[in-house]
Amino acid sequence: MNRIDYPEIDESVYRHQCDNGLDVFIIQKPGYSKKFVTYTTKYGSMDDHFRVDGEAFNVPDGIAHFLEHKMFEKEEGDVFNLFSKHGASANAFTSYDRTSYLFSTTESFEKNLALLMNMVEQPYFTEETVAREVGIINEEIKMYQDNPGYKLYFETLNQMYHNLPVKSDIAGTEDSISQITSDHLFLCHRTFYHPSNMVLILVGDFDVDPLIEYIDGHQRERNVDGRPEIERILPEEPRDIVKQRSVLEMDVEETRVMLGFKHNQDSTDASERLRRDLSMMFALDMVFGEQSEYYYELMEKGLIDDSFSFSHIEEAAFSHVLFAANTEETEAFAGEIRRISDAVKDSGFFTEEKLRVQKREIIGDYLSSLNSPEYIANQYTKYYLDGYDLYRLPEIIDEITIKDVEKHFIDVMDSRYMVECILKPHE
């Protein structure tokens, strides 16, 4: 076990790897009564084509999310009820690249930890329960399809991406879900829920040595050996977009538009990706944030209201920027976003003073968030799986220069790769 101290932010992390390959991080929060735990596999909705120990497999879309649902169901019943019985609140989620199970509690910690580990490690699938789950998830898919925001988001991604599974619903489709069998589930569990592909993160006030001993003992009893060689297989994705503009009609009261700027992922270096992600966050806030002159300009022109939002997504396989707003002036809105983006490039808009303000704000938010066990556990997991260290974030923020901000904004905000998706009421 290694202890890593971060004196600048007064944090300590204990890292341990079990003999079966499971990575364990204990993040000490002295005096905290709440304990928060995440148990995460590096397996998400994009992992539908993979090779294990040289053998290739294709599985139906939505299977990672399906597996997440099924892990709570055991022969003796629903595990949610057992967490409640032990005073814990449990949940789970599936993203593009991971599936995470979690609980928080102020009592019966060891019982809840054992419950979480057993639930995730011991699969229980039968053809009957799988068939029943198909019906449950299909209802969930239909519900999402009726959600205007969800519909607009995935339609925008489908206009940007030709091949990458990022454009597919994380829950899959009614057709793909119906193809899932218990054999598929056992295959994916055996492959991706292997301890060497997982990380356990515990945040709270712990007696560290006995806790590590307990986790080690539990993992030894699993008697899992060998480490599968997993290779994710992703299709080639060109930089160009699929379709520039589309219009959808739904039962909605207001017209909403989403713009997407596609930027192919061109770096395998985790630090470089984080640098671009942070640089873009700073740049977008400087140009379109609520304190910017362009934000007020768009408000005064009546092109946006408080529904206006923007985000930059930087993942290992893809990256893009999204804008969304409720507006009837969809063409004018898209034109203004394009005009503003072009106007600030090479114009001296980005300045050291603006960057200093942005850095102060983000460091303040970051330090405040470190009081939340939920934030720490979830973000530590994300950064770890992406190849970063959450507690080194201030160092990377400090290193970002105004040239980084300007360079990445010019590179990403290229209107040749912009799509426009409009969702409006039925005519």
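Before any of the text, the structure's been laid out above.
Definitions and cut-offs
- Residues numbered from 1 in each chain as written.
- Predicted model: local features only at pLDDT ≥ 70, side-chain atom pairs only at ≥ 80, totals over all residues.
- Heavy atoms only, no water.
- 1 Å grid on protein atoms, 1.4 Å probe; cavity = no way out; pocket = protein on both sides within 12 Å on 5 of 7 lines; lining within 4 Å.
- Points joined across faces, edges and corners; volume = space filled by probe spheres on them.
- Helix = DSSP H or I, 4+ residues; strand = E, 2+ residues; numbered from the N terminus.
- Nonpolar A, V, L, I, M, F, W, Y, C, P; charged D, E, K, R; others polar.
- Buried < 20%, exposed > 50% of the residue type's maximum accessible area, 1.4 Å probe, protein only.
- Pairing = 2+ DSSP bridges.

Enquirer: Before we go on, may I ask you to explain the layout of surface pockets in this structure?
Expert: Over the atoms, a rolled probe matching the size of one water molecule traces out where space is still vacant. In this structure, the largest pocket spans a volume of roughly 680 Å³. Lining the largest pocket are 30 residues; nearest its centre among them are D277, H312, I313, Q379 and K382. Listed by contribution, the elements that provide at least two residues to the lining of the largest pocket are α9 (270-288), β15 (309-314), α12 (352-369) and α13 (373-386). The leading source of residues in the lining of the largest pocket is α9, at 7 residues. Class assignment of the residues belonging to the lining of the largest pocket gives a composition of 15 nonpolar, 5 polar and 10 charged. In this structure, the second largest pocket spans a volume of roughly 440 Å³. Along its surface, the second largest pocket is lined by 18 residues, and K42, D47, D97, R232 and A316 are the ones closest to its centre. Elements supplying a minimum of two residues to the lining of the second largest pocket: β12 (230-232) and α13. Partitioning the lining of the second largest pocket into residue classes produces 9 nonpolar, 2 polar and 7 charged.

Enquirer: How do you make sense of the pairing of strand β14 (residues 256-263) when you look at a structure like this?
Expert: A regular strand carries its side chains on alternate faces of the sheet. Counting buried positions over the 8 residues of β14 gives 7, a clear majority of the element. As judged from the 8 bridges shared by β14 and strand β16 (residues 319-326), these two strands associate in the antiparallel manner. The partner of H263 across the bridge, within β16, is S319. Where β14 lies against strand β17 (residues 418-425), 6 bridges are found, and the strand directions are antiparallel. Within β17, the position partnered with G260 by the bridge is V419.

Enquirer: Which parts of the structure should I look at to understand the pairing of strand β2 (residues 11-17)?
Expert: Buried residues dominate β2, accounting for 5 of its 7 residues. Following strand β1 (residues 2-6), the chain reverses through 4 residues before pairing antiparallel with β2; D10 in that reversal takes a positive phi of roughly 55 degrees. In the sheet, β2 pairs with strand β3 (residues 23-28) via 5 bridges, with the strands oriented antiparallel. Directly across from Q17, in β3, lies its bridge partner D23.

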